[in-house]
Amino acid sequence: MNQRPLPKGKGKGIFPIEKFRKIETPFYYYDTQLLRDTLRAINTEVGKHEGFCVHYAIKANANPKVLNIICQAGLGADCVSGGEIRACISAGFPARKIVYAGVGKSDWEINLGLDNDIFCFNVESIPELEVINELASAKGKIARVAFRLNPNIGAHTHANITTGLAENKFGIAMRDMETVISKADKLTNVKFVGLHFHIGSQILDMGDFEALCNRVNDLQNQLESHHIHVEHINVGGGLGVDYEHPNRVPIPDFKSYFDTYARKLKLRHGQTLHFELGRAVVAQCGSLITRTLYIKEGSYKKFAIVDAGFPDLIRPALYQAYHKIENISSDEPFEAYDVVGPICESTDVFAKHIDINRTHRGDLIALRSAGAYGEIMASGYNCRQLPKGYITEDL
Ligand SMILES: *Cc1c(COP(=O)(O)O)cnc(C)c1O
């Protein structure tokens, strides 16, 4: 494909464009300096609060090189499947820092957690509790369990990614909490150690997290009146990122996030507070890099047809998600395009009527903030190859 000369200064500091030119598109690129800076920001803020522990929600991105960097920063892991438990263990996460949630854990997955002595199973129903007890008993082990409660809090986010409403399938209803706890008390091979919550994703309004804190405080008071003490509280993840301004806000506001919990959530003596951050850790460091294949002039608009499609990045098709799009190999004047993929589906559109530098066949196009729920959700639809993921050190 034609290689036009690179405009001076374009993409400097953000993308190694000359190196990109040698790579087959589409691919994911992870800026490891930004990832490390993000992890440092998390550790700095968390370090200010006693008893706070962060688990990385590996479902956001399980690229082994990305995982390795996160593991080196000392975070624990939050898994939602046996495959994720395996991925975390092979990346080097200590099993005692792994929490395992999920509304439908199968027997082999529970056994895998038991064999590795993970920190905690976040349990979502009584039948699940009974199965864990039975499988633990067969191994002569005692499983540590937390109950995932559904706090019936709506987060101000996309309807498809709220999880803490009574209508959602997740968790145990608040009114059943005491029944479940007394049930656990009677079972010999589970130990009730914590309460777990997760209200949704891409949350930017600290008021939503405050509402969760208030709910947790009420619950703790209620439990205390029954002389029930829990060892830890896990408030899940959900902190959002600025998809509109990946350059201006590359690192989420972890200070406000952790300060909100420190101020509002009343931890009891010796209790630890656990977080499960996914998107906020990895979204901004990743971009999907694609090439313009063709420019098609519609009757009243222009289409930039690129070589990535929804099999490579499904968020726009699945949630009408916005990703900032940049033509990183041109500084020609801005023009409006619909940026679309090659797949035969009307939803295979990354953005409609957006302004990017005038583009030609062969230009490199970056879809920004694609580090979370990007590569990991890719499929081989249309017998396409899965996009490869490169970190800065690979190039
Ligand atoms: C998805 C999920 C997370 C991570 O959510 P983010 O919005 O990516 O931070 C954390 N905990 C549980 C239980 C989840 O299902």
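Report follows, based on the coordinates. As the structure is a computational prediction, the values presented were derived from the model and not from experiment. Per chain, residues are indexed from 1 in the order of the written sequence. Restriction of local features to residues with pLDDT of at least 70 applies here, the model being predicted, together with a cutoff of 80 or more for giving and counting side-chain atom pairs; totals for whole chains, interfaces and linings are based on all residues. Water and hydrogen atoms were dropped before computing side-chain values, which therefore reflect all heavy atoms in the structure.

**Section: the site of the ligand**
- Here a residue is considered near a molecule or strand provided that any single heavy atom belonging to it is located within 4 Å of it. Lys 59, Ser 201, Glu 276, Arg 279 and Tyr 373 are the nearest of the 14 residues found near the ligand.
- Polar contact criterion, stated in full: a pair of N or O atoms within 3.5 Å, where within protein one must be able to donate a hydrogen and the other to accept it, and residues adjacent in sequence count only if both atoms are side-chain atoms. Between the ligand and the protein, one listed contact pairs an oxygen atom with a backbone N or O atom of Gly 238 at 2.9 Å.
- At 3.0 Å from an oxygen atom of the ligand is found a main-chain nitrogen or oxygen belonging to Gly 278.
- Accessible surface area values rest on a Shrake-Rupley calculation with a 1.4 Å probe, where residue burial reflects the displayed protein chains alone. Look at the ligand: alone it shows 390 Å² of surface, and the protein chains cover 94% of it.
- Asp, Glu, Lys and Arg are counted as charged, while Ala, Val, Leu, Ile, Met, Phe, Trp, Tyr, Cys and Pro are counted as nonpolar; the rest, among them Gly, fall into the polar class. A class-by-class count of the residues in the shell around the ligand yields 3 nonpolar, 6 polar and 5 charged.

**Digging into the nonpolar core**
- Throughout this description, the term nonpolar core refers to a set of buried Ala, Val, Leu, Ile, Met, Phe, Trp, Tyr and Cys residues connected via side-chain atoms within 4.5 Å. Categorising residues by exposure relies on relative accessible area from a 1.4 Å probe, with only protein chains included: less than 20% of the type maximum marks a residue as buried, more than 50% marks it as exposed, and the intermediate range marks it as partly exposed. By size, the foremost hydrophobic cluster in this structure holds 97 residues, and its most contacted members are Ile 70, Phe 121, Phe 147, Phe 258 and Tyr 261.
- Considering every element that reaches this core, the biggest residue donor is helix H8 (residues 206-225), with 7 residues.
- Residue contacts follow a heavy-atom distance rule, with two residues in contact if any of their heavy atoms lie within 4.5 Å. With near-sequence residues (within four places) excluded, Phe 258 lies in contact with Ile 42, Glu 45, Val 46, His 49, Phe 52, Val 54, Phe 275 and Leu 277.
- Listed in part, the 10 residues of the second largest apolar core include Phe 15, Ile 289, Ile 328 and Ala 366. Numbering of helices and strands runs from the N terminus; a helix is a DSSP stretch of H or I covering at least four residues, while a strand is a stretch of E covering at least two.

**What to know about the environment of Glu 393**
- Within the fold, Glu 393 resides in the segment after strand S17 (388-391).
- Note on Glu 393: relative accessible area 47%, which makes it partly exposed.
- With 179 residues separating them in the primary sequence, Glu 393 and Asn 214 have C-alpha atoms 44 Å apart.
- In contact with Glu 393, other than residues within four places in its own chain, are Thr 32 and Arg 36.
- Within polar-contact distance, the side chain of Glu 393 engages the side chain of Arg 36 at 3.1 Å.

**A look at the pattern of salt bridges**
- Take a side-chain nitrogen of Lys or Arg and a carboxyl oxygen of Asp or Glu: if they are within 4 Å of each other, that pair is a salt bridge. The full count for this structure, using the stated rule, is 21 salt bridges.
- Ionic pairing is found between Lys 302 and Glu 335, a salt bridge with its closest N-O pair at 2.5 Å. Note that Lys 302 is positioned in strand S12 (residues 302-306) and Glu 335 in strand S14 (residues 334-340), a separation of 33 residues in sequence.
- Assessed through its relative accessible area of 21%, Lys 302 is described here as partly exposed.
- Taking the shortest distance from any N to any O, the salt bridge between Asp 312 and Arg 384 comes out at 2.7 Å. Here Asp 312, found in the loop between S12 and helix H11 (315-319), pairs with Arg 384, found in the loop between strand S16 (364-367) and S17; they are 72 residues apart in sequence, far enough to count as distant.
- A cluster of three or more residues bridged by salt bridges with shared partners is formed by Glu 297, Lys 302, Glu 332, Glu 335 and Arg 358.

**Some details on the packing of aromatic side chains**
- In this analysis, rings of Phe, Tyr and Trp, with Trp reduced to its six-membered ring, are considered paired at centre separations within 6.5 Å, and the interplanar angle assigns stacked below 30 degrees, edge-to-face beyond 60, and tilted for intermediate values. With the rule as written, the count across this model stands at 19 aromatic pairs.
- When the centroid spacing of 6.4 Å and the interplanar angle of 25° are considered together, the rings of Phe 254 and Phe 258 count as stacked. Of this pair, Phe 254 and Phe 258 both sit in helix H9 (residues 254-264), 4 residues apart, roughly one helical turn. Here the two residues Phe 254 and Phe 258 agree in accessibility, since each one is buried.
- An angle of 80° between the planes, with centres 5.2 Å apart, marks the rings of Tyr 261 and Phe 275 as edge-to-face. Taken as a pair, Tyr 261 in helix H9 and Phe 275 in strand S10 (residues 272-277) lie far apart in primary sequence, 14 residues in all.
- For Tyr 261, a relative accessible area of 0% translates into the label buried.
- Classification of Phe 275 as buried rests on a relative accessible area of 0%.
- For a lysine, the NZ atom is tested; for an arginine, the CZ atom; a charge sits over a ring if that atom is within 6 Å of the ring centre and within 35 degrees of the ring normal. Against the face of Tyr 100 rests Lys 105, its NZ or CZ located 5.3 Å from the ring centre.
- Stacked on the ring of Phe 119, the Lys or Arg Arg 144 has its end atom at 4.7 Å from the ring centre.

**Things to note about the side chain of Asn 61**
- The topology assignment puts Asn 61 in the loop between strand S2 (52-57) and helix H3 (64-72).
- Among the polar contacts made by the side chain of Asn 61, one reaches the side chain of Tyr 30 at a distance of 3.1 Å.
- A polar contact of 2.9 Å, which involves the side chain of Asn 61, links it to the backbone oxygen of Gly 371.

**Some points on the environment of Leu 288**
- Residue placement: Leu 288 occurs in strand S11 (residues 286-297).
- When its relative accessible area of 0% is taken as the criterion, Leu 288 is described as buried.
- Leu 288 sits 261 residues away from Phe 27 along the chain, and the two C-alpha atoms are 5.8 Å apart.
- Here Leu 288 is in contact with Pro 26, Phe 27, Tyr 28, Ala 308, Asp 312, Leu 313, Ile 365, Ala 366, Leu 367 and Ala 370, once residues within four sequence places are set aside.

**Topic: unusual backbone geometry**
- Look at the link from Thr 25 to Pro 26: it is a cis peptide, with omega at -5°.
- One non-glycine residue, Gln 202, adopts positive backbone phi at about 55°.
- Of note in the backbone geometry, Tyr 373 takes a positive phi value of approximately 60° without being a glycine.

**Section: the pairing of strand S5 (residues 120-123)**
- Taking every second residue as pointing to the same face, both faces of S5 are buried, with Cys 120 and Asn 122 on one and Phe 121 and Val 123 on the other.
- Two strands pair if DSSP finds at least two bridges between them. Pairing between strand S4 (residues 98-100) and S5: 2 bridges, direction parallel. Following the sheet pairing, Val 99 is matched in S5 by Cys 120.
- Of the crossover connections in this fold, the one passing from S4 over helix H5 (residues 107-115) to the parallel S5 is right-handed.
- Two elements, S5 and strand S6 (residues 143-150), share 3 bridges in a ladder whose sense is parallel. For crossovers, right-handed means that the path from the first strand over the helix to the second runs clockwise, given strands pointing away from the viewer.

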